[in-house]
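Listed below, chain by chain, are the residues.
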Amino acid sequence: MKLVIVILSNKDLGKVLAATSADGFFSTKMSTSGQFLEGGHTTVLFGVNDDKTDTLFDIIENNVTKRVIKQKGVESTIEGSLLKKPVDVEEYGAVAFVVDVEQFRRL
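Residues numbered from 1 in each chain as written. Predicted model: local features only at pLDDT ≥ 70, side-chain atom pairs only at ≥ 80, totals over all residues. Heavy atoms only, no water.

Student: It is not clear to me how the sheet that holds strand S2 (residues 27-32) should be interpreted in this structure. Could you clarify?
Tutor: Hydrogen bonds along the backbone pair up the strands of a sheet, which may run parallel or antiparallel. Pairing is antiparallel across the open sheet formed by 4 strands, whose spatial order is S2-S3-S1-S6. The open sheet has two free edges, formed respectively by S2 and strand S6 (94-100), since each of these has just one partner strand. The mean angle between the axes of side-by-side strands here comes to 20°, regardless of whether they run parallel or antiparallel. Pairing of S2 with strand S3 (residues 41-48), which is carried by 6 bridges, proceeds in the antiparallel orientation. Directly across from Ser27, in S3, lies its bridge partner Phe46. Helix H1 (residues 10-22) contacts strand S1 (2-9), S2 and S3 of the sheet and is inclined by roughly 140° relative to S1. (Pairing = 2+ DSSP bridges. Helix = DSSP H or I, 4+ residues; strand = E, 2+ residues; numbered from the N terminus. Axes fitted to C-alpha atoms, helices over the stretch in contact; angles between N-to-C directions. Contact = heavy atoms within 4.5 Å.)

Structure representation (structure tokens):
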């Protein structure tokens, strides 16, 4: 069994949860903050049998959107530097971690 931890944009959250639920995946969502994704995101936990992990990733990938965002450049003490200008950065639709589960119990 695997614990799949998915951090995804709030813009895609409803679509991902509807699609994964329709395919029989159960999840727990947690409001989180951090720097993986800009503009608000949520962490979703999935308990998944080993043979269903790829199916889960396919569903998530088909229901998230990659975006290009403007990100502030690097701060610099050099006068006249172009480093402070915003740059286009591709933001992935989700970030996922897979953890092996040694034991699972329903209590």
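Student: How do you make sense of H1 when you look at a structure like this?
Tutor: Since the α-helix advances by 3.6 residues per turn, residues separated by three or four positions end up pointing in the same direction. Under the 1.5 Å per step criterion, the end-to-end length of H1 is 19 Å for 13 residues, consistent within 8% with the ideal 18 Å. Just downstream of H1 lies Gly24, where phi reads positive at about 90°. (Expected span 1.5 Å × (residues − 1).)

Student: Just to check I follow, could you spell out helix H2 (residues 53-62) for this structure?
Tutor: Among all positions in H2, only Thr53, Leu56, Ile59 and Ile60 are buried. Taken end-on, H2 shows its buried residues confined to a sector of 125°, consistent with a single buried face. In H2, the exposed residues that point more than 90 degrees away from the buried face are Asp54, Glu61 and Asn62. Residues of H2 that are buried make contact with S1, H1, S3 and S6. (Buried < 20%, exposed > 50% of the residue type's maximum accessible area, 1.4 Å probe, protein only. Arc of directions from axis to C-beta.)

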